[in-house]
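# Fold and geometry: a report
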Amino acid sequence: MQRYRFVLAPRWLLLTLAGLVVMVVCVLLSQWQWDRAVQRAAANEVIEQSRVAVPIEEVLPAGEPLDDEDRWTLVEATGVYDTEHEIVLRAQTNNSLNGFEIVTPLVLADGTAILVDRGFVASESTGHVPEYPAAPAGEVTVTARVYESEPEGGSVAEVDGHLESRRLSLEMFADHYDYELRSAWVADIEPAEGFTALETPSFKDWQNYSYAVQWALFAAMVPVGWVVLARRERRDLDAADAAGDDRMETASGEEPEAAASSEAVNPRT
């Protein structure tokens, strides 16, 4: 170990500290990606296994937040559409098409409501909302998939008797209704003719697993790189020491020859 005491020099201590920081960051990123992969895999499993709708009260009871495990499940809700407070979501994409989503509150028996995304209509490149089917009158039963509220962003505008926004955020719309909204929104999986159902969510969990492994490999490469640099510097120091010894031996070997030459030139000695 004495041969590697140079790693205690300030330059090497700074290099070691920087390497430790990089390694910790890589480990944290690896763990983050792994957790995301697990969450996405769980979401895919819920989507695949949710084939029978359950009553909305089992998943989204009034006044209760959405449980993470209940996202993407299928629910069945019965109520009356409030067509006077319809929402048009602009700048939406569905199956690689640009267009609009039409969201209508469904007022339930207890007086609360759930926002129902009734479907997607493709844009006609006119800048205006195209014609879409009106919500049915009277009591209806909807089978839909549960989505969590989107983050707030942008604004809500009142246009031609309906609300318009780019995000379906419950916080953004709560003040526009006289009734309480359930803590998530749902998308009709069997929309009326003239609508296209939202594409079924599918999460690429394998990508996150791949990223997690990559970050773990980066973390593992840090100590390996440190060892390689240390051994390289040790070789350079050994080479420098060997070169110095050769010069000393050469210098000491030349002194007797120089003295003999001096005697030969000066006969008086």
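Going by the structure above, here's the rest.
A few points on the structure. (Residues numbered from 1 in each chain as written. Predicted model: local features only at pLDDT ≥ 70, side-chain atom pairs only at ≥ 80, totals over all residues. Heavy atoms only, no water.)

## Observations regarding the overall build of the protein
Operational definition: Only DSSP runs of H or I covering at least 4 residues are called helices, and only runs of E covering at least 2 are called strands; the numbering of each starts at the N terminus. The cut-offs for exposure are 20% and 50% of the maximum accessible area for each residue type, with area from a 1.4 Å probe on protein chains only; residues under the lower value are buried, those over the upper are exposed, and the others partly exposed. In what follows, residue pairs with any heavy atoms lying within 4.5 Å of each other are defined as contacts.
Scanning the protein for helices and strands turns up 4 helices and 9 strands. Helices and strands appear in the protein in the N-to-C order α-β-α-β-β-β-β-β-β-β-α-β-α. A buried classification covers 32% of the 269 residues belonging to the protein. Contacts in the protein between residues at least 24 apart in sequence constitute 67% of all its contacts with a sequence separation of at least 6.

## Concerning the nonpolar core
What counts, and what does not: Residue types Ala, Val, Leu, Ile, Met, Phe, Trp, Tyr and Cys, when buried and joined through side-chain atoms within 4.5 Å, form a set referred to as a nonpolar core.
Core analysis: the largest hydrophobic core is formed by 20 residues, its most contacted members being Ile87, Leu115, Leu168, Phe173, Tyr177, Leu181 and Trp185. For this core, the secondary structure elements donating two or more residues are β3 (87-94), β5 (113-122), α3 (170-173) and β9 (181-188). In this structure leucine 181 touches Ala113, Leu115, Leu170 and Ala174, once residues within four positions along its chain are discounted. Counting 18 residues, the second largest nonpolar core, distinct from the first, contains Leu106, Leu108, Ala144 and Val186.

## Some details on the side chain of glutamine 92
Worth spelling out the cut-off: Polar contact criterion, stated in full: a pair of N or O atoms within 3.5 Å, where within protein one must be able to donate a hydrogen and the other to accept it, and residues adjacent in sequence count only if both atoms are side-chain atoms.
The topology assignment puts glutamine 92 in strand β3. The buried category is assigned to glutamine 92, whose relative accessible area is 12%. Separated by 2.6 Å, the side chain of glutamine 92 and the backbone oxygen of arginine 90 make a polar contact. Within polar-contact distance, the side chain of glutamine 92 engages the backbone oxygen of arginine 166 at 3.1 Å. In contact with glutamine 92, other than residues within four places in its own chain, are Leu97, Asn98, Gly99, Glu101, Phe120 and Arg166.

## A few points about the packing of aromatic side chains
Heads up, the condition is: Within 6.5 Å between ring centres, the rings of Phe, Tyr and Trp (the latter by its six-membered ring) count as paired, and their orientation is classed by plane angle as stacked under 30 degrees, edge-to-face over 60, tilted in between. Working rule: Lys NZ or Arg CZ, within 6 Å of ring centre, within 35 degrees of ring normal, means a charge sits over the ring.
This model, assessed by the stated rule, comprises 7 aromatic pairs. Ring centres of tyrosine 147 and tryptophan 185 lie 4.4 Å apart, and the angle between their planes is 15 degrees; this geometry places the pair in the stacked category. In this pair, tyrosine 147 is assigned in strand β6 (residues 139-148) and tryptophan 185 in strand β9, connecting sequence segments 38 residues apart. The class for tyrosine 147 is buried, based on a relative accessible area of 12%. A centroid spacing of 5.4 Å and a plane angle of 15 degrees characterise the contact between tyrosine 177 and tyrosine 179, whose relative ring orientation is stacked. Grouping residues by exposure puts tyrosine 177 and tyrosine 179 together as buried. A network of ring pairs unites the aromatic residues Trp72, Tyr147 and Trp185 as a single cluster. The ring of tyrosine 81 carries the charged tip of arginine 118 above its face, separated from the ring centre by 5.9 Å.

## Some points on the pattern of salt bridges
Under the convention used in this document: Every case where a carboxyl oxygen of Asp or Glu lies within 4 Å of a side-chain nitrogen of Lys or Arg is listed as a salt bridge.
Applying the stated criterion across every chain yields a total of 6 salt bridges. The salt bridge involving glutamate 57 is made with arginine 182; its shortest N-O contact spans 2.9 Å. Pair noted here: glutamate 57 is in helix α2 (residues 56-59) and arginine 182 is in strand β9, with a separation of 125 residues, a long-range link. Residue glutamate 57 is classed as partly exposed on the basis of its relative accessible area, which comes to 44%. Residue classification places arginine 182 among the buried positions, given a relative accessible area of 2%. When the shortest N-O distance is used, the salt bridge between arginine 182 and aspartate 110 registers 2.9 Å.

## Focus: the pairing of β3
Put simply, the rule is: Any two strands with at least two DSSP-identified bridges between them are counted as paired.
The sheet contact formed by β3 and strand β4 (residues 97-108) spans 6 bridges and is antiparallel. When the sheet's bridge partners are listed, asparagine 94 is paired in β4 with leucine 97. Where β3 lies against strand β8 (residues 162-165), 3 bridges are found, and the strand directions are parallel. Of the residues in β8, the one forming a bridge with isoleucine 87 is leucine 163.

## Structural notes on a nonpolar patch on the surface
Note the following rule: Only residues whose relative accessible area exceeds 30% and that form no salt bridge enter a patch; like-charged residues are grouped when within 9 Å of one another, and nonpolar side chains (Val, Leu, Ile, Met, Phe, Trp, Tyr) when within 5 Å. Only the protein chains shown count as cover for residues, and all accessible areas are computed by the Shrake-Rupley method using a 1.4 Å probe.
Residues Trp34, Val38, Val213 and Leu217 make up a contiguous nonpolar surface patch of about 360 Å² in total accessible area. At the level of secondary structure, the elements contributing two or more residues to the nonpolar patch comprise α1 (10-49) and α4 (205-265). Counting through the fold element by element, valine 213 comes out in helix α4.

## Structural notes on the environment of arginine 234
Residue position: arginine 234 is located in helix α4. Separated by 230 residues in sequence, arginine 234 and tyrosine 4 have C-alpha atoms that sit 7.1 Å apart.

## Thoughts on unusual backbone geometry
Among all residues save glycine, negative phi is the norm, and among peptide bonds the norm is trans. Its identity as a non-glycine residue notwithstanding, alanine 91 has a phi of 55 degrees, on the positive side. Unusually for a residue other than glycine, serine 96 sits at a positive phi of about 70 degrees. Along the chain, serine 96 turns up in the loop between β3 and β4.

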